[in-house]
Number of protein chains: 2
Amino acid sequence: MRVAILGVGTVGEQVAKILIQNAELISARSGKNITPVVGVVRNLNKKRDVNFELTDDINSVISRDDIDVFVELMGGVDEPYKIVSEILKRKKAVVTANKALLAYYRYELANMAGETPFGFEASVAGGIPIIKTLREGLSANDIQSIKGIINGTCNYILTSMMRDGANFSDVLKKAQDLGYAEADPTFDVGGFDAAHKLLILASLAYGINARPEDILIEGIERINDADIYFANDFGYTIKLLAIAKKTANGVELRVHPTLVPKDHMIAKVDGVMNAVSIVGNAVGETMYYGAGAGGAATASAVISDIIDIARGISSPMLGYKTQNAVSELKLLDKDEILTHYYIRLKVEDRLGVLACITNLMSQNSISIDSFLQTPNFDDGDMTTLFFTTHTSREADVKHVLALLRDQEFIKDEPFMMRIEQ
Amino acid sequence: MRVAILGVGTVGEQVAKILIQNAELISARSGKNITPVVGVVRNLNKKRDVNFELTDDINSVISRDDIDVFVELMGGVDEPYKIVSEILKRKKAVVTANKALLAYYRYELANMAGETPFGFEASVAGGIPIIKTLREGLSANDIQSIKGIINGTCNYILTSMMRDGANFSDVLKKAQDLGYAEADPTFDVGGFDAAHKLLILASLAYGINARPEDILIEGIERINDADIYFANDFGYTIKLLAIAKKTANGVELRVHPTLVPKDHMIAKVDGVMNAVSIVGNAVGETMYYGAGAGGAATASAVISDIIDIARGISSPMLGYKTQNAVSELKLLDKDEILTHYYIRLKVEDRLGVLACITNLMSQNSISIDSFLQTPNFDDGDMTTLFFTTHTSREADVKHVLALLRDQEFIKDEPFMMRIEQ
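Just so you know, these numbers come straight off a predicted model, no measurement behind them. (Residues numbered from 1 in each chain as written. Chains lettered and ligands numbered in written order. Predicted model: local features only at pLDDT ≥ 70, side-chain atom pairs only at ≥ 80, totals over all residues. Heavy atoms only, no water.)

Enquirer: Before we move on, could you go through the environment of Met74 of chain B and cite the residues and values that matter?
Expert: As for its position among the elements, Met74 of chain B is in the loop between strand S4 (69-72) and helix H4 (78-89). With sequence-adjacent residues up to four places away left out, Met74 of chain B is seen in contact with Leu6, Ile58, Glu79, Pro80 and Ile83 of chain B. (Helix = DSSP H or I, 4+ residues; strand = E, 2+ residues; numbered from the N terminus. Contact = heavy atoms within 4.5 Å.)

Structure follows, in structure tokens:
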């Protein structure tokens, strides 16, 4: 079985390296010799540690008849979509690690692929076989919810903030120094990377054809030491969760920093590690943990797809042979999300303020579950108030926050996080 | 697709129930309608909540031509082996949850099955798709180690002992009352159930054809309050681990209570839950967590196998198309295991005893890593000594324990546990 690698960066090099290092095992498991024969690169002058042909002419490669599997590791969206479409037209198998490509074009690609194998295990949670788990391992289940820590950068930052009390920008800088965060961190810390991955998981679970712009995405940039204090004091940790949840009114898809009870299994996942908790109506809760990034872990997933193709893959790409069973599932409007909320308000420390706030809340159907005011966060004539709510409607909470923003006793932009019980 | 259920107990009833409850989803995912049409039971008079034909004549069922998949849920070893062999001779697909059958006959069954689908996802760790993960999800990896909490009874008991300081027999009784432990608990608390499951995982990882009698199996019955005290004091928790490990000298397969550092992910798995940590040379460590038993969780795994068959399963039953890549892997002799040890000795509290013990250890290549003696465990003129060792050879440790047993200052049977760092 002959493999072309389109984009020979960190992951591409590791795919080639592991195919050689574990060649005997892989051949015994797959029944075929799997060999990288050509790689496409942008810059042929850059030194690379590979022992196969390299070219910068991608068109000459995708038209070759002697290649059985094309591994797309180029990155981007429109360019790989064009390339992969060409390959699928020629009925050649594709394996990709490109979550952005799938976040936008997974249904178009599935239609084009038809019976042609299309692997994308590496697109979510790196080396954790979470695509296979949802598509095959848990196929008997009506999936109730998915909760994922699927951005290692955010989990590293939040773990450091919770553990050492460090502030966001200091930890971000350290993460950048360690190579855990990009120079421009927005895609990670803003929740967009996790959102791309969530959309892929949501298709496997619910057949939902949503795009990033359709769903709720919030990042971790505004979390401060007061939030960390509250979380620790009330038995929570803070995680950026990507959540897909089936409710009576539709499917919730959302990415945001979340307060999670410390004794929940997913709250125990620290540092750059990823984990996905899935609740099925038969199996109950299961959780999958491992490295969500890194060349070798991602290559592990890429190669598992190639081996599946060698063995004769037989699962429908997005988990459904027919969409009829899930066609009635609709994405729930962001405003209709129902959950528990945490609200932090920096206010003037004077008579009447708390009464005004609690009045505004109760007038807008926000019922308070717990409240904290502590001298630790007194600041001159200012103080910080912390609230958690009973189950509330997203639109109601946002409306109250907008009303509060206009009060003269509110001194900072109100801050809100959602809570998973 | 027509399914026969051989053995309609808790799991069988759940298989039928979930096939009906999730029928639309399962049909969309598999492309086929999957219907239970007949069940075999021992006692036809017992009331069962199923809406298909029941019979007590198994031979009439296994010879039927209109059945596509036979689900074996009878339990036992020799009887199901005979029945399943008959079914495979007729080239009919088999799905089983029977770990004992596989612990003894997996290679014979794989040979008989050939290209006929044979699913056994439910045989290890209930609803966690760990068979699929090892066979497919991590197929690119040279597996370095597997560490599993794969007996919920033991994990429930050990969690209660660690958390509440309760003693073994009290917690066992409570587990029996709650239905987590059998009236005769030996199979679970003695480590035999976990050993059966470990042998299945070891075949997928290493192609090792071992039987229960070939491997090291120790139970949790002798763990006492002193061990719990030591574990807590030194930052460990105690878990019954099933371990498969590739070493330079062979593959270690062993089941025993183990001291595990509390910050390790698998140490955080509490109560009746199961988890399996797998280290691959590409992916690093991944961990899989969920319910290891229970009718619905087990049925989830059984049905995922049936759906794979409907989709056209294509993976080799035990993970290898050819065994040549792993044929040189040999089971390491129990005596040659190298690990860290914990030793508890109840001794007379007098001059010279410690010197004698440490001399015996050093003369037999046992190097002490830490030592504890505390007034908490003084008992008249007796006290308890706790040791941990640097990496030692199993045979050396056993030899020292045999020598110690003969010393007149030793008052109780010496107790040893292994440590995973």
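Enquirer: Please give an account of the relation of the copies chain B and chain A that cites residues and values.
Expert: Both copies of the chain are related through a single rotation about an axis accompanied by a shift along the same axis. Each copy of the sequence occupies a distinct position, and chain B is placed on chain A by a rotation of 180 degrees and an axial shift of 0.0 Å, giving an RMSD of 0.0 Å. Both copies are brought into coincidence by an operation consistent with a two-fold rotation axis. Of every C-alpha in chain B, the one belonging to Tyr288 of chain B sits nearest the axis of rotation, 2.4 Å from it. Mapped onto chain A, 100% of the interface residues of chain B are again interface residues, and the two copies thus contact each other with one and the same surface. (Least-squares fit on C-alpha atoms with pLDDT ≥ 70 in both.)

Enquirer: Summarise the interface of chain B and chain A; cite the residues concerned and give the values.
Expert: Counting from both sides, the interface comprises 59 residues of chain B and, opposite them, 59 residues of chain A. Between chain B and chain A, roughly 4,800 Å² of surface is buried when both sides are summed, and carbon and sulfur atoms account for 53% of that area. Three residues stand out in chain B for area buried against chain A, namely Arg29, Tyr289 and Arg311 of chain B, and they jointly supply 15% of the buried area on that side. In this structure, the connection of chain B to chain A is made through 30 residue pairs in polar contact (both at pLDDT 80 or more). Elements represented by at least two residues in the side of chain B that touches chain A include exactly helix H1 (10-21), helix H2 (23-30), helix H6 (130-137), strand S12 (284-291) and helix H12 (295-311) of chain B. In terms of strand pairing, strand S12 (residues 284-291) of chain A meets S12 of chain B through 3 bridges, oriented antiparallel. Bridge pairing links Met287 of chain A to Tyr289 of chain B in S12 of chain B. (Buried area = accessible area lost by both parts, 1.4 Å probe. Polar contact = N/O pair within 3.5 Å; in protein donor to acceptor, adjacent residues only side chain to side chain. Pairing = 2+ DSSP bridges.)

Enquirer: Which residues make up the sheet that holds strand S1 (residues 2-6) of chain B, and what are the values?
Expert: All names here are of chain B. The 6 strands lie next to each other as S3-S2-S1-S4-S5-S6, forming an open sheet whose pairing is parallel. In this open sheet, the two strands that pair with only one neighbour each are strand S3 (53-55) and strand S6 (118-119). Judged from the 2 bridges that link them, strand S5 (residues 93-96) and S6 form a sheet pairing that is parallel. Bridging across to S6, Val94 finds its partner in Phe118. This element, H12, spans S1, S4, S5 and S6 of the sheet and lies at about 160 degrees to S5. (Axes fitted to C-alpha atoms, helices over the stretch in contact; angles between N-to-C directions.)

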